[in-house]
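So the chains spell out like this:
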Amino acid sequence: MCNRSGGLIQRVLEAEGISSVGVSIERKFTEEIKPPRSIYLKWPYGHPLGEPGNVKQQRAVMNKAFELLETATQPGVIDDIPFRWRREKYD
Amino acid sequence: MSNFSRFKNRLLAKALTRFPILARMMAAKVKPLEFDTIPWAPLRGPLKEMKVALITTAGVHLVDDKPFDMNDKTGDPTFRVVPSSTPAENLAITHDYYNHKDADTDINIVFPIHRLAEFASEGRIGAVAERHFGFMGHIEENHLDQFINEQIPAVTAMLKEDGVDVVLITPG
């Protein structure tokens, strides 16, 4: 439900002219709420940026979010990030 | 809500984190909200010139601030201000609907406050906003009107006051 609330926040911000990008770990809510820009990770609840202490992983997720912000051209995009949970190497 | 109910919620939250399939089954049961249009605010300029704020729905707030209301089982639509200079040890999480054991050890996995500061010092973004914002994302239908029409607009006004261009939103 955190993902639904986040999407609702994005909708209000964008209507007021503030750009936003959301990290989603529950695709169903993101599809339904239609925030303007989201990245989706099939990761467990409580871990949208990854694992504690894994700075490279957290940065990789942030980079994906910011890249979408820079490249998205139409509203409602959900970028499926292929990072596997605990089985990915980050540089 | 009784202590037993809170205990039950936390136990469920642990199970949802360990078995994501359960979380998806529960999500499938929530009544959908419907929207026809999608608002769109284009990025105002290059990201390296943008001022960025964080909003999380992971229940983050200052240790000294009022915790989110866990006794109302339909949620709490209010928000907490988190100054971007807040040290990690002054942050707390109040949210019984996901397991935040890992986030308690590293807040950045739900609220990337230190990562954002790094991106600013490296020039990837222009600046970090003075204020970030925490919500507790378990907000059911009876609180949605207040959430959408009062609480989020109040945050939006503060973001405008701070000259924020971009917001990164993270769940719990």
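The following refers to the structure shown. In this text the structure is predicted, and so the values were computed from the model without any measurement. (Residues numbered from 1 in each chain as written. Chains lettered and ligands numbered in written order. Predicted model: local features only at pLDDT ≥ 70, side-chain atom pairs only at ≥ 80, totals over all residues. Heavy atoms only, no water.)

For the rest of this paragraph, the subject is the pairing of strand β1 (residues 51-56) of chain B. Residue and element names in this part refer to chain B. Counting buried positions over the 6 residues of β1 gives 6, a clear majority of the element. Side chains of β1 alternate between two faces, with Lys51, Ala53 and Ile55 and Val52, Leu54 and Thr56 buried alike. Pairing geometry for β1 and strand β5 (residues 127-128), over 2 bridges, is parallel. Its bridge partner being in β5, Lys51 is matched across the sheet by Ala127. Judged from the 5 bridges that link them, β1 and strand β7 (residues 166-170) form a sheet pairing that is parallel. Among the inter-strand pairings, Val52 is bridged to a residue of β7, identified as Val166. Of the pairings in the sheet, the one linking β1 to strand β6 (residues 131-135) comprises 2 bridges and is parallel in character. Residue pairing for β6: Ile55 is matched across the bridge by Phe133. (Buried < 20%, exposed > 50% of the residue type's maximum accessible area, 1.4 Å probe, protein only. Helix = DSSP H or I, 4+ residues; strand = E, 2+ residues; numbered from the N terminus. Pairing = 2+ DSSP bridges.)

This brings us to the pattern of salt bridges. Taken as a whole, this structure holds 19 salt bridges over all chains when the rule is applied. The partner of A:Asp80 in a salt bridge is A:Arg27, with the nearest N and O atoms 2.9 Å apart. Of this pair, A:Asp80 sits in strand β3 (residues 77-80) while A:Arg27 sits in helix α2 (residues 27-33), and the two are 53 residues apart along the sequence. Residue classification places A:Asp80 among the partly exposed residues on the basis of a relative accessible area of 41%. In this structure, B:Arg10 engages B:Asp96 in a salt bridge whose closest nitrogen and oxygen atoms are separated by 3.2 Å. Of the two residues, B:Arg10 sits in helix α1 (residues 3-18) while B:Asp96 sits in the loop between β4 (91-93) and α3 (101-105), which places them 86 residues apart along the sequence. Taken together, the salt bridges that share partners define one network made up of A:Arg59, B:Arg115, B:Glu118 and B:Glu122. (Salt bridge = Lys/Arg side-chain N within 4 Å of Asp/Glu carboxyl O.)

Right, let's talk about unusual backbone geometry for a bit. Residues and elements named next belong to chain A. Of note, the phi angle at Lys34 is positive, near 55°, even though the residue is not glycine. Tracing the chain through its elements places Lys34 in the loop between α2 and β2 (37-40). Despite not being glycine, Arg86 shows a phi value in the positive range, around 60°. By secondary structure assignment, the location of Arg86 is in the segment after β3.

The next thing to look at is the packing of aromatic side chains. Under the definition given, this model contains 6 aromatic pairs over all chains. Here the aromatic rings of A:Phe83 and A:Tyr90 are separated by 5.2 Å at their centres, their planes lie at 90°, and the arrangement is edge-to-face. The class for A:Phe83 is buried, based on a relative accessible area of 15%. Summarising the aromatic geometry, the rings of B:Phe79 and B:Phe133 are spaced 6.1 Å apart at their centres and angled 70° between planes, so their arrangement reads as edge-to-face. With B:Phe79 in strand β3 (residues 79-83) and B:Phe133 in strand β6, this pair connects stretches of sequence that are 54 residues apart. (Phe/Tyr/Trp six-rings, centres within 6.5 Å; stacked < 30°, edge-to-face > 60°.)

Below, the discussion takes up helix α1 (residues 2-15) of chain A. Here α1(A) contains 14 residues, and its C-alpha end-to-end distance of 20 Å stays within 8% of the 20 Å for a straight helix at 1.5 Å per residue. Most of α1(A) sits inside the fold, with 13 of its 14 residues counted as buried. (Expected span 1.5 Å × (residues − 1).)

Now for the interface of chain A and chain B. Facing 61 residues of chain A, the contacting portion of chain B comprises 62 residues. Summing the contributions of chain A and of chain B, the shared interface buries around 5,500 Å²; its carbon and sulfur component is 65%. Summed over the shared surface of chain A and chain B, the result is 28 residue pairs in polar contact (both at pLDDT 80 or more). Of all the secondary structure elements, the ones that give two or more residues to the side of chain A that touches chain B are α1, β1 (19-24), α2, β2 and α3 (55-71) of chain A. Ranked by residues supplied to the side of chain A that touches chain B, first place goes to α1(A) with 13 residues. Residues belonging to the side of chain A that touches chain B are distributed by class as follows: 29 nonpolar, 17 polar and 15 charged. (Contact = heavy atoms within 4.5 Å. Buried area = accessible area lost by both parts, 1.4 Å probe. Polar contact = N/O pair within 3.5 Å; in protein donor to acceptor, adjacent residues only side chain to side chain. Nonpolar A, V, L, I, M, F, W, Y, C, P; charged D, E, K, R; others polar.)

Moving on, we come to empty space enclosed by the protein. Applying the stated rule across the entire model yields 1 cavity of 30 Å³ or more. A:Asn3, A:Gly6, A:Gly7, A:Gln10 and A:Val23 are, among the 15 residues lining the largest cavity, the residues nearest its centre. The set of elements that each furnish at least two residues to the lining of the largest cavity consists of α1 and β1 of chain A together with β7 of chain B. Per-element tally for the lining of the largest cavity: the top contributor is α1(A), with 5 residues. (1 Å grid on protein atoms, 1.4 Å probe; cavity = no way out; pocket = protein on both sides within 12 Å on 5 of 7 lines; lining within 4 Å. Points joined across faces, edges and corners; volume = space filled by probe spheres on them.)

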